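Residue strings, one per chain:
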Amino acid sequence: MSTYERIADLPLEIDGYALEGLSKTVSSGFERRTTVVHLQGGGEEGLGEDVTYDADNQIDQQVHGPVLPLAGGWTVASFSEHLGGLDTFPAGPPKMPVFPNYRRWAFESAALDLALRQAGRSLAEVLERDPRPVTFVVSSRMGEPPTLDPVTRRLAAYPDLRFKLDGTPDWSDELIAGLVETGAVDSIDFKGAYKGTVVDVETDPAFYARIAETFPGAWLEDPDLEDEAAREALEPYEDRITWDAPIHSIDDILAQRVLPRTVNLKPSRFGSIEALFAAYDFCEERGMGAYGGGQYELGVGRGQIQYLAALFHPDAPNDIAPAGYDALDPEPGLPASPLEPEIDATGFRRRT
């Protein structure tokens, strides 16, 4: 039995839903907005979070209100099929092609949470998997101009932290040497799969090779291997190349120019629970590692991806640090890695 088949036939009763807007202004002045989906039915409530990055798409959804025809009796599978046929952006088109996946994940995760609560069972119980403490890393850019501060200031408060860092060709010799000295870098994200976005990074084959050689134990995420010089530079280090941004399905994993030993499975990128769970099964069957990544969730969505990591890849460098580590000077008392599962007795949520 596949992982998805274990939850596909769970009954689901939906009376209606509500939308809750969340927002947070980060140090750069960027205002992050998300929307929590509250599905109601049978005296229970299921939650999911829409991590669509465009603020206008989020505001439009919230103003437009709960207009999707979701009420009725379903199974998890039939609800997913129904949802897949709906326009989930009736108030205006998505600003990026991947955004419908993000929104679909919000509604499907809320539906799974609701179906499990109506059944009085937890996701871990239904999947017959024991949740385990989750290893996590803290993801960060290094500032403009780049400095060691994003790493050293966090390490001053939490000396055992591990990091996934956005690598840019303007890193100085001193910065690279300082990062090596910390011994805290688990992964370098080259952002080479992004084109035409605010996070684009220049493809620099010499920088790729230097980073790969200087950090021999680090994963090398999303290099631009469409550039032949870059591919040649990383050829000796292909066993450490991994993928994130291009991965929305099993076919995407197989389509990469280097088949990874481990891969970033971000639930929201997959959209449907069926596609995500199929990817988990694929990785297990292939002996391919997996790790999780976040999308700057502000609410229940963060706990849900931590829950999935606890079930499927707890020992990996999961980019799902608890809220608070995004601050340069994180407050004391934050949960340490490995993060205890602390799941609800029913549903698909961590305890809060």
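Residues numbered from 1 in each chain as written. Predicted model: local features only at pLDDT ≥ 70, side-chain atom pairs only at ≥ 80, totals over all residues. Heavy atoms only, no water.

> Residue-level account of the sheet that holds strand β4 (residues 44-50), with values.
Taking strand neighbours across the sheet as the criterion, the 3 strands line up as β2-β3-β4 in an open arrangement whose pairing is antiparallel. If you trace the sheet from one side to the other, it starts and ends with β2 (16-25) and β4, each paired once. Taken over all neighbouring pairs, the strand axes of this sheet differ in orientation by 25° on average, direction set aside. Across 10 bridges, β2 lies against strand β3 (residues 31-41) in antiparallel orientation. Looking at the pairing, Ser23 lines up with Arg33 of β3. Running at roughly 90° to β4, helix α13 (residues 300-312) makes contact with β3 and β4 of the sheet. (Pairing = 2+ DSSP bridges. Helix = DSSP H or I, 4+ residues; strand = E, 2+ residues; numbered from the N terminus. Axes fitted to C-alpha atoms, helices over the stretch in contact; angles between N-to-C directions. Contact = heavy atoms within 4.5 Å.)

> A description of the pairing of strand β8 (residues 185-189) should follow, citing residues and the corresponding values.
Here β8 lies mainly inside the structure; 5 of its 5 residues are buried. Bridging between strand β7 (residues 163-166) and β8 involves 4 bridges; their strand directions are parallel. Note that in β8 the partner of Phe163 across the bridge is Val185. Traced from β7 through helix α7 (residues 173-182) to β8, the parallel crossover comes out right-handed. (Buried < 20%, exposed > 50% of the residue type's maximum accessible area, 1.4 Å probe, protein only. Right-handed = clockwise from strand over helix to strand, strands pointing away.)

> Provide a residue-level description of the pattern of salt bridges, including the pertinent values.
One pass over the full model with this rule turns up 28 salt bridges. Measuring nitrogen to oxygen at the nearest pair gives 3.6 Å for the salt bridge that ties Asp319 to Lys164. Taken together, the residues Asp319 in the segment after α13 and Lys164 in strand β7 connect sequence positions 155 residues apart. The two residues Asp319 and Lys164 agree in class, both being buried. Residue Arg257 pairs with Glu228 through a salt bridge whose shortest N-O separation is 3.1 Å. Placement of Arg257 in the loop between α10 (250-255) and β11 (262-264) and of Glu228 in helix α9 (residues 228-234) is noted, with a sequence separation of 29 residues between them. The class for Arg257 is partly exposed, based on a relative accessible area of 32%. Linked by salt bridges that have partners in common, Asp113, Arg117, Asp344 and Arg349 make up one network. (Salt bridge = Lys/Arg side-chain N within 4 Å of Asp/Glu carboxyl O.)

> Give me the packing of helix α2 (residues 55-64) against helix α4 (residues 99-119): which residues, what numbers.
With their axes 12 Å apart at the nearest point, α2 and α4 run at an angle of 45° to one another. Comparing their axes, α4 and α2 come out oblique. Judged by the twist between their axes, the crossing of α2 over α4 is right-handed. Residue-level inspection shows Asn57, Gln58 and Gln61 of α2 in contact with α4, the latter providing Phe99, Arg103 and Phe107. Among the residues making up the contact of α2 with α4, the classes are represented as 2 nonpolar, 3 polar and 1 charged. (Parallel < 35°, antiparallel > 145°, perpendicular 65-115°, else oblique. Left-handed = near helix turned anticlockwise from the far one by under 90°. Nonpolar A, V, L, I, M, F, W, Y, C, P; charged D, E, K, R; others polar.)

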